[in-house]
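# Coordinate analysis (summary)
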Amino acid sequence: MQQLITRVHSANSLLCVGLDPIGTDAEVVVRLRQVVAETHTYAAAFKPNLAFFLSREAGVALLKSTIQGIPADIPVILDGKFGDIANTADHYARFAYDVVGAHGVTVNPYMGDDAIRPFARPGKLVFSLAKTSNKPAHNLQDQALAHGGHLSDLAAQVARQLDEELPEAIIGLVVGATEPAAMARVRAACPRQWFLVPGIGAQGGDLAATLKAGLRKDGSGVLINASRSIWQAADAGKAAQELRDQINEFRVVRA
Ligand SMILES: O=c1ccn([C@@H]2O[C@H](COP(=O)(O)O)[C@@H](O)[C@H]2O)c(=O)[nH]1
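Structural notes, computed from the coordinates. Everything numeric here is computed off the predicted structure, so don't read it as measured data.

What follows covers helix α9 (residues 207-214). All of the buried residues in α9 are T210, L211, A213 and G214. The buried residues of α9 all sit within an arc of 165° when viewed along its axis, so they share a single face. On its buried side, α9 packs onto β8 (171-175), α8 (180-189), β9 (195-197), β10 (222-226) and α11 (236-249).

Laid out in structure tokens, this is it:
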């Protein structure tokens, strides 16, 4: 987490540049290098999505070389949404950290804390899904659960429970930008945690409403991800700079 905080300060940025490479193998090799080169100045973090690499025969090598090409002070969060029994999760963690060199991962909390524990190595960033950005997420994630004598939605309860069950690990939360009211509920339940926020850009999330709901009182604590809107931009650097600056306009310290 310290690496992320240092980077957020040095780049004055809460932007996470998503890397979801689309195109032929030859095209994506070139475009990945270009997007990293043009956007890294504005990036607090990068988030390669594992699926976009595994769908190519040489995907693991491409993912590894892409991560190696990112300046070392910028955290790379591998979006794999990993979730399996601990014995298996241990192998996913080895893949993410030891094979391809990511600094963090996304995990799926559905199987319980033992499925997350192998990822919680010292110095690594773990972001657990809490409230995802896809529309049908609300069917399950907005369900009300009894908690401490009152009702709480599942997303907020997951967040609270991880805090209680894994106090030794710093677990951030994936909270989509497509439903700011739900984000506000998770923020109320988890005032300190970092949120990794997909859903701005191609998915149509409202940046102002998202930041209002998600920013901590210190004007930090969210990483706004944009993947397609940067990848597909004629000038990726300009798209990243503009989004970084738009985010910063809302970062009023409210403490
Ligand atoms: O709830 C979630 C969790 C993860 N994602 C991932 O984030 C990016 C979003 O891409 P855009 O092109 O900026 O829409 C992508 O890798 C998703 O798999 C998400 O969208 N929602």
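The parallel open sheet is built from eight strands, whose spatial order is β2-β1-β10-β9-β8-β5-β4-β3. The open sheet has two edge strands with one neighbour each: β2 (45-48) and β3 (77-82). The sheet shows a mean angle of 30° between the axes of neighbouring strands, direction not considered. Each of β5 (125-131) and β8 is contacted by α8, which is oriented at about 125° to β5, the strand it contacts most. The strands touched by α11 within the sheet are β1 (15-19) and β10, with β1 carrying the most contacts at an inclination of about 145°.

Before going further, it helps to examine the site of the ligand. In the vicinity of the ligand there are 18 residues, among which N49, T132, P198, S227 and R228 approach most closely. Those elements giving two or more residues to the shell around the ligand turn out to be β10 and α10 (228-231).

Residues other than glycine seldom take positive phi values, yet N12 does so here, at roughly 45°. Checked against the element boundaries, N12 lands in the loop between α1 (2-10) and β1. On the neighbour-count criterion, N12 (14 C-beta atoms within 10 Å) is partly exposed. Non-glycine residue K81 carries a positive phi angle of around 45°. Looking at where K81 falls in the secondary structure, it is placed in strand β3. Residue class for K81 comes out partly exposed when judged on the 17 C-beta atoms lying within 10 Å of it.

Below, the discussion takes up the pairing of β3. The buried fraction of β3 amounts to five of the six residues, a majority that puts the element mostly inside the structure. Two elements, β3 and strand β4 (residues 104-107), share three bridges in a ladder whose sense is parallel. Looking across to β4, one finds that F82 is bridged to V107. Handedness of the crossover joining β3 and β4 through helix α5 (residues 86-99) is recorded here as right-handed.

This part is about the packing of helix α7 (residues 154-165) against α8. The N-to-C vectors of α7 and α8 enclose an angle of 25°; their axes lie 9 Å apart at closest approach. Between α7 and α8, the interaxial angle falls into the category roughly parallel. With respect to the hand of their crossing, α7 and α8 are arranged in right-handed fashion. In this structure, α7 contributes A155, A156, A159 and R160 to the contact, and α8 contributes A182, R185, V186 and A189. Of the residues belonging to the contact of α7 with α8, the class tally is six nonpolar, no polar and two charged.

Criteria and cut-off values
- Just so you know, the residues in each chain are numbered from 1, in the order the chain's sequence is written.
- Where local features are concerned, this predicted model is filtered to residues with pLDDT of at least 70; where side-chain atom pairs are given and counted, the filter is 80 or more; whole-chain, interface and lining totals use all residues.
- Here exposure depends only on C-beta density: within 10 Å of a residue's C-beta, 20 or more other C-beta atoms make it buried, 12 or fewer make it exposed, and intermediate numbers make it partly exposed, the C-beta atoms being placed from the backbone.
- Strands here are runs of E lasting at least two residues and helices are runs of H or I lasting at least four, both read from the DSSP assignment and numbered beginning at the N terminus.
- The arc in question is the one spanned by the directions pointing from the helix axis to the C-beta atoms.
- We call two residues in contact when their backbone-placed C-beta atoms lie within 7 Å.
- When DSSP finds two or more bridges between a pair of strands, those strands are recorded as paired.
- Here the axes come from fitting lines to C-alpha atoms, over the contacting stretch only for helices, and the angles between their N-to-C directions go from 0 to 180 degrees.
- Nearness here has a simple definition: the residue's C-beta atom, placed using the backbone, must lie within 6 Å of the molecule or strand.
- Throughout, right-handed denotes a crossover for which the path from the first strand over the helix to the second runs clockwise when the strands point away from the viewer.
- Roughly parallel here means an angle under 35 degrees, roughly antiparallel means over 145, roughly perpendicular means 65 to 115, and every remaining angle is called oblique.
- Each helix crossing is assigned a hand: it is left-handed if the near helix lies turned anticlockwise from the far helix by less than a right angle, otherwise right-handed if that turn is clockwise.
- In this count, Pro and Cys sit with the nonpolar residues alongside Ala, Val, Leu, Ile, Met, Phe, Trp and Tyr, while Asp, Glu, Lys and Arg are called charged and the others, Gly among them, polar.

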